[in-house]
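What follows is the residue order along each chain.
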Amino acid sequence: MANVTSTTAYIPQSTQTTDIFVADYFLNVPIYLLGMLMNGAVLLTLIRNREHLMQERMHTIMAYIIGATFAWSAFSATKYLLWLVHASDLFYRLSAFLSSLAMVLLFVLNLLLSIERFIIVRSLTQKRSIRRGATIAVWCFTCMILLINMGVFATSPSINTVTPEYPLQKKVWIATMATSFVIVTTAIIALYISTFIYSAYYIKRMDASLFQIPSASVQWQLFWNCVAMFGSLVVSYGPQMMLVIGAQFYVKGISDENKRVMRVVAHTALALDTVWTPLLAVYFMPQVRRKIFSIFNTSCSENFADEGCSVSELSGSEFGKNPESLKQEWSHCPENK
């Protein structure tokens with residue numbers, strides 16, 4: 001086994017092929033920097049207007065997701081840049097643990113967001129007790145995962161800032177991360193499917209005269225909103241988990257070239273999540289969108305400030321509202337009177 005304590009083991013070029021090195025530094029680093037700027041802009045808008053934009057718990061959770069994504073993008077860009085000039089066992093262990101921490105937190109926050117949408121849309125009784133119980137269970141699960149990761153990287157070095165080097169710790173890390181990814185992703189998909197089915201059924205029963213567009217169009221838009229929410233998580237983190245699991249359970253027949261392509265795709269998918277997340281936040285939070293547009297163009301902000309009801313508004317922030325409140329809001333729209 002290579003001497004993982006030597007300085008040369010921590011030089012990027014010594015652990016990556018040229019094409020992966022080029023992809024990381026000329027593609028992914030700029031993406032992370034762009035993601036840092038986009039998340040920073042949305043986060044700053046939310047903080048400066050928190051009295052108006054974070055009145056609901058769902059919007060507060062979205063703000064936490066933006067904050068975590070901002071930290072993840074800033075950390076990733078910094079890690080790659082420091083990697084060129086600094087090499088130490090501590091740096092690699094800390095980077096690997098923080099990478100795992102960021103992924104776990106983003107999984108959990110997206111799960112909490114899906115739970116909140118489900119509770120609101122379904123108008124569940126005893127919301128407070130259900131919300132409290134779900135939150136406690138989720139964070140207990142999170143603490144368990146993080147404690148395992150701390151133990152793994154405290155007892156094993158890492159030469160790729162992702163996985164531990166020693167075989168036993170590597171197996172424990174892969175099993176822990178893969179299990180948490182499957183559990184959280186399955187729960188999120190199930191919650192959004194249930195939320196969509198209930199919302200679509202209720203909208204179908206609503207008075208068609210309330211809509212300027214067919215209710216089927218609203219249902220279709222809601223469907224794609226569900227896909228966007230849980231699909232982004234699967235597309236962004238699925239390739240990395242498949243790559244890590246595939247590396248542990250080596251499958252014969254995969255060429256070195258294909259492995260390099262898989263690594264580039266996995267790394268780029270992770271980076272793109274830092275750009276996709278703020279775009280989703282702006283889409284699902286129209287008030288944030290208006291605030292951001294108002295900074296660049298006053299006339300554009302006036303257009304977005306229009307109080308008319310549309311399918312985009314319904315499919316945005318209103319997707320997390322109870323269908324009965326939707327009916328009341330649509331019935332009071334000027335164009336529907």
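None of the values given here were measured: they were computed from a predicted structure.

Conventions used here
- Residues numbered from 1 in each chain as written.
- Predicted model: local features only at pLDDT ≥ 70, side-chain atom pairs only at ≥ 80, totals over all residues.
- Heavy atoms only, no water.
- Helix = DSSP H or I, 4+ residues; strand = E, 2+ residues; numbered from the N terminus.
- Contact = heavy atoms within 4.5 Å.
- Axes fitted to C-alpha atoms, helices over the stretch in contact; angles between N-to-C directions.
- Parallel < 35°, antiparallel > 145°, perpendicular 65-115°, else oblique.
- Left-handed = near helix turned anticlockwise from the far one by under 90°.
- Nonpolar A, V, L, I, M, F, W, Y, C, P; charged D, E, K, R; others polar.
- Salt bridge = Lys/Arg side-chain N within 4 Å of Asp/Glu carboxyl O.
- Buried < 20%, exposed > 50% of the residue type's maximum accessible area, 1.4 Å probe, protein only.
- Phe/Tyr/Trp six-rings, centres within 6.5 Å; stacked < 30°, edge-to-face > 60°.
- Lys NZ or Arg CZ within 6 Å of the ring centre and 35° of its normal.
- Expected span 1.5 Å × (residues − 1).
- pLDDT = per-residue confidence, 0-100.
- Patch = residues over 30% accessible without salt bridge, like charges linked within 9 Å, V, L, I, M, F, W, Y side chains within 5 Å.
- Areas by Shrake-Rupley, 256 points an atom, 1.4 Å probe, with all protein chains shown as cover.

**Describing the side chain of N110**
Consideration 1: Mapped onto the elements, N110 comes out in helix 5 (residues 89-122).
Consideration 2: Residues contacting N110, with those up to four places away along its chain left out, are I65, I188 and L233.

**Thoughts on the packing of helix 4 (residues 57-83) against helix 5**
Consideration 1: Where helix 4 contacts helix 5, the axes come no closer than 10 Å and their chain directions differ by 160 degrees. Regarding the angle of helix 4 to helix 5, the classification is roughly antiparallel. Viewed along their axes, helix 4 and helix 5 form a crossing whose handedness is left-handed.
Consideration 2: Of the residues contributing to the contact of helix 4 with helix 5, the split by class is 18 nonpolar, four polar and four charged.

**Some points on the environment of S194**
Consideration 1: Inspection of the secondary structure assignment puts S194 in helix 7 (residues 167-205).
Consideration 2: Between the C-alpha atom of S194 and that of R122, which follows or precedes it by 72 residues, the distance is 9.1 Å.
Consideration 3: If we skip the residues at most four places from it in the chain, S194 touches F118 and R122.

**Regarding the pattern of salt bridges**
Consideration 1: Per the counting criterion, the structure on display carries three salt bridges.
Consideration 2: Among the salt bridges present, the one from R57 reaches E116, with a minimum N-O distance of 3.1 Å. Taken together, the residues R57 in helix 4 and E116 in helix 5 connect sequence positions 59 residues apart.
Consideration 3: Overall, the relative accessible area of 36% leaves R57 in the partly exposed class.
Consideration 4: Here E116 and R131 are joined by a salt bridge, their closest N and O atoms 2.8 Å apart. Taken together, the positions of E116 in helix 5 and R131 in helix 6 (residues 127-155) put the pair 15 residues apart, joining distant regions of the chain.
Consideration 5: One network of salt bridges, in which partners are shared, links R57, E116 and R131.

**A short note on the packing of helix 5 against helix 6**
Consideration 1: With their axes 10 Å apart at the nearest point, helix 5 and helix 6 run at an angle of 165 degrees to one another. Viewed along their axes, helix 5 and helix 6 adopt a mutual orientation that is roughly antiparallel. Crossing geometry of helix 5 relative to helix 6 is assigned as right-handed.
Consideration 2: Of the residues contributing to the contact of helix 5 with helix 6, the split by class is 20 nonpolar, five polar and four charged.

**What to know about the packing of aromatic side chains**
Given two aromatic rings, one states the distance between the centres and the angle between the planes to describe the pair.
Consideration 1: All chains considered together, the criterion is met by 10 aromatic pairs.
Consideration 2: Taking 5.4 Å as the distance between ring centres and 55 degrees as the angle between the ring planes, the aromatic pair formed by F107 and F181 counts as tilted. Residue F107 is located in helix 5, and its partner F181 is located in helix 7; the two are separated by 74 residues in the primary sequence.
Consideration 3: Residue classification places F107 among the buried residues on the basis of a relative accessible area of 2%.
Consideration 4: Judged by its relative accessible area of 12%, F181 falls in the buried class.
Consideration 5: Taken together, Y25, Y32, W72, F75, Y80, W83, F91 and Y92 form an aromatic cluster joined through their ring pairs.
Consideration 6: In this structure, K79 is placed above the aromatic ring of Y80, and the distance from its NZ or CZ to the ring centre is 5.0 Å.

**Some remarks on helix 5**
Consideration 1: Spanning 34 residues, helix 5 covers 50 Å between terminal C-alpha atoms, matching the ideal 50 Å at 1.5 Å per step.
Consideration 2: Within helix 5, 26 of the 34 residues are buried, which leaves the element mostly enclosed by the surrounding structure.

**Quick word on the confidence of the model for the protein**
Consideration 1: Residues at a pLDDT of 70 or more form 73% of the protein, whose mean pLDDT is 78.
Consideration 2: Within the model, pLDDT remains below 50 along residues 1-8, and this stretch shows 11 contacts once partners closer than five positions in the same chain are excluded.

**Brief notes about the side chain of T176**
Consideration 1: Its place among the elements puts T176 in helix 7.
Consideration 2: Ignoring any residue separated from it by four or fewer positions in sequence, one finds T176 in contact with I145, I148 and N149.

**Points about a nonpolar patch on the surface**
Consideration 1: On the surface, M144, I148, L168 and V172 cluster together to form a nonpolar patch covering roughly 340 Å² of accessible area.
Consideration 2: The set of elements that each furnish at least two residues to the nonpolar patch consists of helix 6 and helix 7.
Consideration 3: By secondary structure assignment, the location of M144 is in helix 6.
Consideration 4: We classify M144 as partly exposed; its relative accessible area is 45%.

**Let's talk about helix 6**
Consideration 1: Here helix 6 contains 29 residues, and its C-alpha end-to-end distance of 42 Å stays within 8% of the 42 Å for a straight helix at 1.5 Å per residue.
Consideration 2: For helix 6, the set of buried residues is R131, A134, T135, V138, T142, I145, L146, N149, V152 and F153.

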